[in-house]
Amino acid sequence: MTNRAEVVINLSAIKSNVATLKAKAGVDLMAVVKADAYGHGLVPVAKAALDGGATWLGVALLEEAIALRAAGITAPILAWLVPSGSDFQSAVDKDIDLAVSSIKALDEIRALKGAKRPRIHLEVDTGMTRGGFLSECCEIDINHLQGVEIVGIFSHFARADEPGQAQNLEQLNRFKKMVANLDSLGFTNLIRHLSNSAATLVDHTSAFDMVRTGIAMYGLTPDLNHLGTSQSLGLKPAMTLRAKLHLVKAVPAGSPVGYGATEKTKSETKLGIVAMGYADGIPRIAKGAGIFFNGKRAPIIGRVSMDQFVVNLGAQSSAQTGDWVTIFGPGDAGEYTADDWGGASGSINYEIVTRIGPRVPRIYEL
Ligand SMILES: *Cc1c(COP(=O)(O)O)cnc(C)c1O
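Rules used throughout
Residues numbered from 1 in each chain as written. Predicted model: local features only at pLDDT ≥ 70, side-chain atom pairs only at ≥ 80, totals over all residues. Heavy atoms only, no water. Helix = DSSP H or I, 4+ residues; strand = E, 2+ residues; numbered from the N terminus. Rg over C-alpha atoms; globule rule 2.2 N^0.38 Å. Buried < 20%, exposed > 50% of the residue type's maximum accessible area, 1.4 Å probe, protein only. Contact = heavy atoms within 4.5 Å. Areas by Shrake-Rupley, 256 points an atom, 1.4 Å probe, with all protein chains shown as cover. Lys, Arg positive; Asp, Glu negative; His and termini not counted. Charge placed at Lys NZ, Arg CZ, Asp CG, Glu CD. Arc of directions from axis to C-beta. Axes fitted to C-alpha atoms, helices over the stretch in contact; angles between N-to-C directions. Parallel < 35°, antiparallel > 145°, perpendicular 65-115°, else oblique. Left-handed = near helix turned anticlockwise from the far one by under 90°. Nonpolar A, V, L, I, M, F, W, Y, C, P; charged D, E, K, R; others polar. UniProt positions renumbered as here; feature names shortened; annotations may be inferred. Polar contact = N/O pair within 3.5 Å; in protein donor to acceptor, adjacent residues only side chain to side chain. Salt bridge = Lys/Arg side-chain N within 4 Å of Asp/Glu carboxyl O. Domains from an automatic or database assignment. Buried area = accessible area lost by both parts, 1.4 Å probe. Phe/Tyr/Trp six-rings, centres within 6.5 Å; stacked < 30°, edge-to-face > 60°. Lys NZ or Arg CZ within 6 Å of the ring centre and 35° of its normal. Core = buried A, V, L, I, M, F, W, Y, C linked by side-chain atoms within 4.5 Å.

Before going further, it helps to examine the overall build of the chain. Helix and strand counts for the chain stand at eleven helices and 18 strands. Relative to a compact globule of 366 residues, whose C-alpha radius of gyration would be 21 Å, the chain shows 23 Å and is just as compact. Scored against the burial criterion, the 366 residues of the chain give a buried share of 52%. Expressed as a percentage of contacts within the chain between residues at least 6 apart in sequence, the contacts between residues at least 24 apart total 67%. For the chain, the accessible surface area stands at approximately 15,600 Å², while carbon and sulfur atoms represent 52% of it. Distance between charge centres in the chain, computed from 36 positive and 36 negative side chains, equals 5 Å.

Below is the structure:
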């Protein structure tokens, strides 16, 4: 056990979530493990996801894909944030599939001289207006597609977590058109993938040949307001963040707490000092979250500092210096969840889990 704080990752929860999502989708599942597997740890999560039935891994950066290969993982990997100027030769040498969303990058990939044929997925912009080719793939001259193996075509939803939004259907229809265009050019056997977690959970018409699930695989709801809690979706949150109380102290009423003295104790109470702060990913603006100890929540009092924050344990608390407390977890025992922390920070669970800093060790439970 570490001295200060630790992230505990339940790998069987990840396996179970993958199985649940795959059953829902009814097609292949790409486990999205970018950003250190959303803060859960790239390699252990990738292995658990493959154990759970994922057949592909998806990452943003080429470095992430290379790290997976360096760990001995042989499953197909797609990296989608690989701009022109990237080390495409290393990617191709390591059997990493590349997303292509510009002619410039495509030309660089085609110009490679290695023995292996580059494998690419065409990224198309169906309305999110981020990466991807815009017009119905017509700007890609067929000659530009020689010399590479086109493995797939994909796009990304902007509002899949809002099932009623017209934009979802518009994106789906544009995607179908772009697929049909490529089909008519003779590219008939492409892996078509469009759905993220939210679409996988609520929109079966967008599953095509494969879904790309991130947040839901970690057991977290893509959108608390529109899709409900993790529990209601049958998901198991995999991450628990725990910390040791660095100090417990009794203080009188009227004690100003932390930088700026933004809050004072209203009555005599016990405060707990947690040795985690915004440098570890505890949002400085969090209000209304805190810790859980011995069946009770204790809210943050005062400002979060770089390495510490303070919670109001209450006058009757039995907590002692050195006790371990839960900052967030699955929520089953009444502890705060990543959703709660997201809400308390004007943000979302994605940001809470991905920003837990590298100085917090990850501990894996099977
Ligand atoms: C991050 C990402 C995903 C996964 O999104 P979730 O909402 O976490 O499921 C899928 N596809 C692409 C292109 C992404 O960037």
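Turning our eyes to something else, we now look at helix H4 (residues 62-70). Buried residues of H4: Leu62, Glu64, Ala65, Leu68 and Arg69, and no others. Buried residues along H4 cover an arc of 160° about the axis, so they all sit on one side. Opposite the packed face of H4, turned more than 90 degrees from it, sit the exposed residues Glu63 and Ala70. Elements in contact with the buried residues of H4: helix H2 (34-38), helix H3 (42-51), strand S3 (56-59), strand S4 (77-79), helix H5 (88-93) and strand S5 (96-100). Just past H4, the residue Gly72 takes up positive phi, approximately 90°.

The next subject is the packing of helix H1 (residues 11-25) against H3. One way to put it is that H1 packs onto H3 with a least axis distance of 8 Å and a crossing angle of 45°. In this view, H1 runs oblique relative to H3, as classed from their interaxial angle. Seen along the crossing, H1 lies across H3 with a hand that is right-handed. Residues Leu11, Ile14, Lys15 and Val18 of H1 form the contact with H3, whose own contacting residues are Pro44, Val45, Ala48, Ala49 and Asp51. Per-class residue counts for the contact of H1 with H3 are seven nonpolar, no polar and two charged.

Moving on, we come to the UniProt feature "domain: Alanine racemase C-terminal" (unreviewed entry) in the chain. Within this numbering scheme, the UniProt entry marks residues 238-365 as carrying the feature "domain: Alanine racemase C-terminal" (unreviewed entry). Annotation note: span residues 238-365, helix share 10%, strand share 34%, distance between end C-alpha atoms 10 Å.

A few words now on the side chain of Asn196. With respect to the helices and strands, Asn196 occurs in the loop between strand S8 (191-193) and helix H8 (197-202). On the accessibility criterion, Asn196 (15% relative accessible area) is buried. A polar atom in the side chain of Asn196 sits 3.1 Å from the backbone nitrogen of Ala199. If sequence neighbours within four positions are ignored, Asn196 has contacts with His156, Phe157, Ala160 and Arg212.

In total, this model carries twelve salt bridges according to the counting rule given. In this structure, the salt-bridge partner of Arg242 is Glu6, at a minimum N-O distance of 3.2 Å. Of this pair, Arg242 sits in strand S10 (residues 239-251) while Glu6 sits in strand S1 (residues 5-10); the two residues are 236 residues apart in sequence, bridging distant segments of the chain.

Attention now goes to the domain arrangement of the chain. You can read the domains of the chain as domain 1 (11-225) and domain 2 (239-365). Of note, the centres of domain 1 and domain 2, computed from C-alpha atoms alone, are 36 Å apart. Of the residues lining the interface, twelve residues belong to domain 1; the matching set on domain 2 comes to ten residues. The contact between domain 1 and domain 2 buries some 1,100 Å² in all, and 62% of this surface belongs to carbon and sulfur atoms. For the pair domain 1 and domain 2, the interface holds zero salt bridges. Counting across the domain 1 and domain 2 interface gives four residue pairs in polar contact (both at pLDDT 80 or more). Residue classes in the side of domain 1 that touches domain 2 are distributed as seven nonpolar, five polar and no charged.

Moving on: the packing of aromatic side chains. Overall, the coordinates contain four aromatic pairs when judged by the stated rule. Seen in terms of ring centroids, Tyr38 and Tyr350 are 6.2 Å apart; in terms of plane orientation they differ by 35°. Their pairing is tilted. Here Tyr350 lies in helix H11 (residues 349-354) and Tyr38 lies in helix H2, a separation of 312 residues in the sequence. Taking the relative accessible area as the measure of exposure, Tyr38 reaches 6% and is therefore buried. The partly exposed category is assigned to Tyr350, whose relative accessible area is 27%. Among the aromatic residues, those joined into a cluster by ring pairs are Tyr38, Tyr218 and Tyr350. Against the face of Tyr336 rests Arg297, its NZ or CZ located 4.1 Å from the ring centre.

Quick look at the nonpolar core now. Grouped together as the largest cluster of nonpolar side chains are 113 residues, with contacts concentrated most on Phe309, Ile327 and Trp341. Counting residues per element, this core draws most heavily on H1, which supplies six residues. When residues of this core are sorted by domain, at least three fall in each of domain 1 (11-225) and domain 2 (239-365). Setting aside chain neighbours within four positions, we find Trp341 in contact with Ile282, Pro283, Ala286, Ala289, Gly290, Ile300, Phe309, Ile327, Phe328, Tyr336 and Ile352. If you look at the next biggest cluster of nonpolar residues, it comprises six residues, including Val251, Val257, Ile273 and Val310.

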